[in-house]
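Observations on the model geometry
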Amino acid sequence: LRPHFRLKDESMGRSRYTITEIDKPHFLTCTIVEWLPLFTRPALVDIVLNTWRYQQANQGLQLYGYVVLENHLHYLAQSQDLAKSVAGFKSYTARNIIDYLQLAHAESTLQRLRFAKRAHKVDRVYQVWQEGVHAEIVYSESVMQQKLDYLHQNPVKRGYVDFGEQWRYSSARDYLGESGLIEVQRWC
């Protein structure tokens, strides 16, 4: 059996997980640098949702579930080149988040994003996302259900809502037959 994911050298400061089996969905986690609570601003969550919408319509992204919290997000997705999709997602959202913060004159937040930038990132002034992505392969129905439950219950465990479907930035409603903010391909 070959491994479902490959470990990278942690000394590089990047995620230890890489996507190796493109024919399977993955549970992905992306985190804002310094765990800054950027997604308390609805306009920044809209950037995330609109990017996924674009990727669904134009790049073949299959989005099975998601949750966006104040400083990180989880999603279950699959595409022909998921690593490229994730890289494009992070790059595009970062650029648009920075543009929004500059227009909003959010100087203290921009200063923190400037300070958090890794030294080897000489091609930019700011860094929005932590390097790499935590990707876990979803290799069975039971793992998919476990991951969906995890991301839908994440706001409940944090005490933000009593029920997962109450969290606006989640696909929990979709799995109850209601409309969420973005279309998802329901797994079950």
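Rules and cut-offs
Residue positions are counted from 1 within each chain, in the order its sequence is given. It should be noted that, the model being predicted, local features are given only for residues of pLDDT at least 70 and side-chain atom pairs only at 80 or more, the latter also being counted only at that level, while totals for whole chains, interfaces and linings use all residues. In computing side-chain properties, one takes all heavy atoms of the structure into account and sets aside hydrogens as well as water. Numbering of helices and strands runs from the N terminus; a helix is a DSSP stretch of H or I covering at least four residues, while a strand is a stretch of E covering at least two. Any pair of N or O atoms that falls within 3.5 Å is considered a polar contact. Within protein, one atom must be able to donate a hydrogen and the other to accept it, and sequence-neighbouring residues count only if both atoms are side-chain atoms. Should any heavy atoms of two residues lie within 4.5 Å, those residues are considered in contact. Interaxial angle, 0 to 180 degrees, is taken between N-to-C directions of lines fitted to C-alpha atoms, where a helix line uses only the stretch in contact. Left-handed describes a crossing whose near helix is turned anticlockwise from the far helix through less than a right angle; right-handed describes the clockwise counterpart. Three categories are distinguished: nonpolar for Ala, Val, Leu, Ile, Met, Phe, Trp, Tyr, Cys and Pro, charged for Asp, Glu, Lys and Arg, and polar for the others, with Gly belonging to the last. Take a side-chain nitrogen of Lys or Arg and a carboxyl oxygen of Asp or Glu: if they are within 4 Å of each other, that pair is a salt bridge. Note on exposure labels: buried denotes an accessible area under 20% of the residue type's maximum, exposed denotes more than 50%, and partly exposed covers the range between, all computed with a 1.4 Å probe on protein chains only.

This part takes up the side chain of His72. Following the sequence through the fold, His72 ends up in strand 5 (residues 72-78). Within the local environment of His72, its side chain forms a polar contact with the side chain of Asn71, the two groups lying 2.8 Å apart. Among the polar contacts made by the side chain of His72, one reaches the side chain of His74 at a distance of 3.3 Å. The contact partners of His72, leaving out residues within four places of it in the chain, are Cys30, Thr31, Trp35, Phe39, Asn154 and Arg158.

Geometrically, a packed helix pair is captured by the angle between its two axes and the distance between the axes. Between helix 1 (residues 42-59) and helix 2 (residues 82-103), whose axes approach to 10 Å, the crossing angle comes to 145 degrees. For helix 1 against helix 2, the interelement crossing comes out right-handed. Contacts from Ala43, Leu44, Ile47, Val48, Thr51, Trp52 and Gln55 in helix 1 reach Ser85, Gly88, Phe89, Tyr92, Thr93, Asn96, Ile97, Tyr100 and Leu101 in helix 2. Class assignment for the residues of the contact of helix 1 with helix 2 results in 10 nonpolar, 6 polar and no charged.

On inspection of all chains with the given rule, the structure shows 4 salt bridges. Taking the shortest distance from any N to any O, the salt bridge between Lys147 and Glu136 comes out at 2.9 Å. With Lys147 in helix 4 (residues 141-157) and Glu136 in strand 6 (residues 134-137), this residue pair connects regions lying 11 residues apart in the sequence. For Lys147, a relative accessible area of 14% corresponds to the buried category. On the basis of relative accessibility, which here comes to 25%, the residue Glu136 falls in the partly exposed class.

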